Amino acid sequence: MKGMFSMLLCCAALLTTSVGCETQEPEGGKPTTAITFEQSVLTVEGDAASHLVYFSLDKRVEGLDVEPQCDAEWVSDMKVVASVLSFKVTKNEERLPREAELVLTYGDATAKMRLVQNEATRRFDLFPLYNNSDIPYRIPAVAVTNNGTILACADYRHSGADIGVIDKGRIDLHIRRSSDNGVTWDNITPIIEGQGAQSPDFMNVGYGDPCIVADRESSRVLLMSCAGNVSYHAGTRNIHQNIARFYSEDGGMTWGKPTDIAESIYSKFDNCSYGPVNAMFIASGRVMQSRTVKVADYYRLYCAIIMRDKSGSPKNAVLFSDNFGESWDVLGGVSKAALSGNCDEPKVEELPDGSILLSSRCNGGRNFNIFKFTDVASGSGQWGSPTISGINNGGVEARDNSTNGEVMLIPAVRTEDGANVDLLLQSVPLGPGRANVGIYCKALESAADYASSSKIAQDWEDVYQVTKLNSAYSTMTWQADGRLAFLWEETTYCEGLPPYGGYTIVYDCFTLDKLTRGKYTYRKE
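Since this is a predicted model, take the numbers as computed values, not measurements.

A.B. asks: Let's hear about the overall build of the protein: which residues, and what values?
C.D. replies: Counting its secondary structure elements, the protein contains four helices and 37 strands. When its C-alpha atoms are laid out on the principal axes, the protein stretches across 95 × 50 × 45 Å. Each of the 525 residues in the protein was classed as buried or not, and the buried ones make up 56%. When contacts within the protein are restricted to residue pairs at least 6 apart in sequence, long-range pairs at least 24 apart make up 61% of them. Carbon and sulfur atoms make up 49% of the accessible area of the protein, which amounts to about 21800 Å² in all. Of the charged side chains in the protein, 49 are positive and 66 negative, and the gap between their average positions amounts to 4 Å.

A.B. asks: Explain the nonpolar core residue by residue, including any values.
C.D. replies: With 35 residues, the main nonpolar core has Leu222, Met224, Phe269, Met280, Ile305, Met307 and Trp328 as its most contacted residues. Put simply, the parts of the chain that give this core at least two residues each are strand E14 (207–214), strand E15 (221–227), strand E16 (242–248), helix H2 (262–266), strand E18 (279–282), strand E21 (298–308) and strand E22 (314–321). Looking at which element gives the most residues to this core, the answer is E21, with six residues. Excluding residues that lie within four positions of it along the chain, Ile305 makes contacts with Phe269, Met280, Phe281, Ile282, Lys315, Asn316, Ala317, Leu319 and Pro346.

A.B. asks: Which residues make up the pairing of strand E34 (residues 471–478), and what are the values?
C.D. replies: For E34, the tally of buried residues reaches eight of eight residues, placing the bulk of the element in the interior. Judged from the six bridges that link them, E34 and strand E35 (residues 484–490) form a sheet pairing that is antiparallel. Among the inter-strand pairings, Ser471 is bridged to a residue of E35, identified as Glu490. Connecting E34 to the next strand, E35, in antiparallel fashion are five residues, including Gly482 with a positive phi near 75°.

A.B. asks: A description of the packing of aromatic side chains should follow, citing residues and the corresponding values.
C.D. replies: Taken as a whole and assessed by the stated rule, the structure comprises 17 aromatic pairs. Arranged with centres 5.8 Å apart and planes meeting at 65°, the rings of Tyr207 and Phe246 form a pair that is edge-to-face. Within this pair, whereas Tyr207 is found in strand E14, its partner Phe246 is found in strand E16, the two being separated by 39 residues in sequence. In terms of burial, Tyr207 and Phe246 fall into one category: buried. Arranged with centres 5.1 Å apart and planes meeting at 85°, the rings of Phe371 and Phe373 form a pair that is edge-to-face. For Arg308, the ring lying beneath its charged end belongs to Tyr232, and the centroid distance is 5.9 Å.

A.B. asks: With reference to specific residues and values, describe the environment of Lys519.
C.D. replies: Its location among the elements puts Lys519 in the loop between helix H4 (512–515) and strand E37 (520–522). Given a relative accessible area of 39%, Lys519 falls into the partly exposed group. With 224 residues separating them in the primary sequence, Lys519 and Val295 have C-alpha atoms 37 Å apart.

A.B. asks: Describe the environment of Glu119, and please don't skip the residues or the numbers.
C.D. replies: By the element assignment, Glu119 lies in the loop between strand E8 (109–117) and strand E9 (124–127). Here the alpha-carbon distance between Glu119 and Val165, two residues 46 residues apart in the chain, equals 42 Å. In contact with Glu119, other than residues within four places in its own chain, are Gly46, Asn92, Glu94, Arg95, Leu96, Pro97 and Arg483.

A.B. asks: Please set out the sheet that holds strand E2 (residues 41–44) residue by residue, giving values where relevant.
C.D. replies: Whenever strands of a sheet pair, they do so through backbone hydrogen bonds, lying parallel or antiparallel. If you walk across this open sheet you meet the four strands as E2-E8-E7-E4, and the pairing is mixed. Among the strands making up the open sheet, the edge pair consists of E2 and strand E4 (67–69). Across the sheet, the mean angle from the axis of one strand to that of its neighbour is 20°, orientation sign disregarded. Bridge analysis of strand E7 (residues 98–106) against E8 gives nine bridges, and the strand direction is antiparallel. Of the residues in E8, the one forming a bridge with Tyr106 is Ala109.

A.B. asks: Account for the pairing of E15, naming residues and giving values.
C.D. replies: Counting buried residues in E15 gives seven out of seven residues, a clear majority hidden from the surface. Side chains Val221, Leu223, Ser225 and Ala227 of E15 all project onto a buried face; the interleaved residues Leu222, Met224 and Cys226 project onto the opposite face, where all are buried too. Summarising the sheet, E14 and E15 pair through six bridges and their orientation is antiparallel. By the bridge assignment, Ala214 is partnered in E15 with Val221. Hairpin geometry of E14 and E15 is characterised by an intervening segment of six residues between the two adjacent antiparallel strands.

A.B. asks: Quick one: what's the story with the side chain of Gln289, residue by residue and with numbers?
C.D. replies: By the secondary structure assignment, Gln289 is in strand E20 (residues 288–295). Polar contacts involving the side chain of Gln289 include one to the main-chain carbonyl oxygen of Tyr299, which spans 3.3 Å. In contact with Gln289, other than residues within four places in its own chain, are Val213, Ala214, Asp215, Arg216, Tyr299, Arg300, Leu301 and Phe324.

A.B. asks: Tell me about the confidence of the model for the protein, and please be specific about residues and values.
C.D. replies: Reading fine detail from the predicted coordinates is not recommended where pLDDT is low. Summing up the model confidence of the protein, the mean pLDDT is 92 and the portion of residues at 70 or higher is 93%. Counted against residues more than four places away or in other chains, residues 1–26, with its pLDDT under 50, gives 27 contacts.

A.B. asks: Summarise the pattern of salt bridges; cite the residues concerned and give the values.
C.D. replies: One pass over the full model with this rule turns up 37 salt bridges. The salt bridge partner of Asp186 is Arg177, with a shortest N-O separation of 3.3 Å. The exposure class of Arg177 is buried, given its relative accessible area of 9%. Put simply, Arg286 and Glu349 hold a salt bridge, and the shortest N to O gap is 3.3 Å. Residue Arg286 is found in strand E19 (residues 285–286), and its partner Glu349 is found in strand E25 (residues 346–350); the two are separated by 63 residues along the sequence. Since its relative accessible area comes to 1%, Glu349 is described here as buried. Residues joined by salt bridges that share partners form a network here, namely Glu119, Arg122, Asp481 and Arg483.

A.B. asks: Requested: an account of the sheet that holds E16, with residues and values cited.
C.D. replies: What the five strands build is an open sheet, ordered E17-E16-E15-E14-E19; its pairing is mixed. Since the sheet does not close on itself, it has two edges, and those belong to strand E17 (259–260) and E19, each with one partner.

Parameters and conventions
Residues numbered from 1 in each chain as written. Predicted model: local features only at pLDDT ≥ 70, side-chain atom pairs only at ≥ 80, totals over all residues. Heavy atoms only, no water. Helix = DSSP H or I, 4+ residues; strand = E, 2+ residues; numbered from the N terminus. Buried < 20%, exposed > 50% of the residue type's maximum accessible area, 1.4 Å probe, protein only. Contact = heavy atoms within 4.5 Å. Areas by Shrake-Rupley, 256 points an atom, 1.4 Å probe, with all protein chains shown as cover. Lys, Arg positive; Asp, Glu negative; His and termini not counted. Charge placed at Lys NZ, Arg CZ, Asp CG, Glu CD. Core = buried A, V, L, I, M, F, W, Y, C linked by side-chain atoms within 4.5 Å. Pairing = 2+ DSSP bridges. Phe/Tyr/Trp six-rings, centres within 6.5 Å; stacked < 30°, edge-to-face > 60°. Lys NZ or Arg CZ within 6 Å of the ring centre and 35° of its normal. Axes fitted to C-alpha atoms, helices over the stretch in contact; angles between N-to-C directions. Polar contact = N/O pair within 3.5 Å; in protein donor to acceptor, adjacent residues only side chain to side chain. pLDDT = per-residue confidence, 0-100. Salt bridge = Lys/Arg side-chain N within 4 Å of Asp/Glu carboxyl O.

As structure tokens, this is what we get:
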């Protein structure tokens, strides 16, 4: 990096020599000229780094130097060579961005530019596990309300295991909120507390594996979770986990009582070729709300399920709702599952043309498939052929693990040429095993890049490693301030002793610039 920087300055100096200097002597003998920064605001990341900015002079005056100045203590080593200003910034340890003014003086002329440095991190331990004797947290979910409040929730596992693994095992759902884009968070509060052995019925024993969405045009929030006293793997058509549905009408401040909607979904598969299904649940994390399809008062919702068919084989399907979760239909119908066999907990995203991308966890990476509509209103269409994304095709590699992660599409601009692209993100533990959670990225430049699942699965560009610790499930959504909110499970303070693990649920947020090392920036739509 030092060598490249020196070479740039040398080239700039050579350019100045070849062009030469102009001298202007107006009346009174006092040289005049104009100096201008090429941009009025420069935003940089929070880490300590060197930076360059460019400026222009309409006339150069022999013997007159450009003088740089900045009063902020965190800006140093300001140097001018030709039309380039270089400077260094220290790491921003605060949890808020900070600002300074860069000033260039050239005779009587001045140029000013606002410098904004983001905080180095907003990392925050949302749901901590400090000691192995603590009740463990697992399974993060996240949403952003229509007023920008971040909602983060997770399992609080008194039982230390998944729903139903421990007989009458209590699990609560906890939530935290941030109204300032993750700078501060309110206290942990329960959405609902499982009753465990004291439960008067099957459903209220425990609630876990939440998924959540906040309506973009109202204060409604929908949360769904597993519930009951039987494990997914022990479930049958007649005795299976409930699917609990919760609503908040005030942006996640308060919550209504849960309603079990399992039968309305199970019954849709009773007469299909692989039904009735023995067990199912909706994958945790983010419920996706369409950017384009709106019916009456709401934009369409999509979520994905993992189920065990009548032979015990795993299958994925995608559900959609046009009334904000009051009722659900199966995308494309039940005749053909979206994925069969090599699949597990799935996530969904809407591609630029409105097609639906399914991303399912599998050992070593992800299993992708794409649904193409023939009729959007009825949800009719066809699933394509699935493709594994992993080490063999330059794809998303989750070495030696199969773990739930999130998929998300963000509008972006490629900094190299200013081209508009859509940036596809996928989070997984990079491995080996459940460790080193990271976020892969891949630019979709045209419809050809997502014409098939094989196009999606291959040749991902880069990966940003979020943690170097043992880590597992993760989820993400987009904040009101143009950053990616990211939640993940991490052994921050200790290894969880329960057989199903226990983690600290951690929050951090990233600009696309940081996530992609300057290759892409966010394109606000």
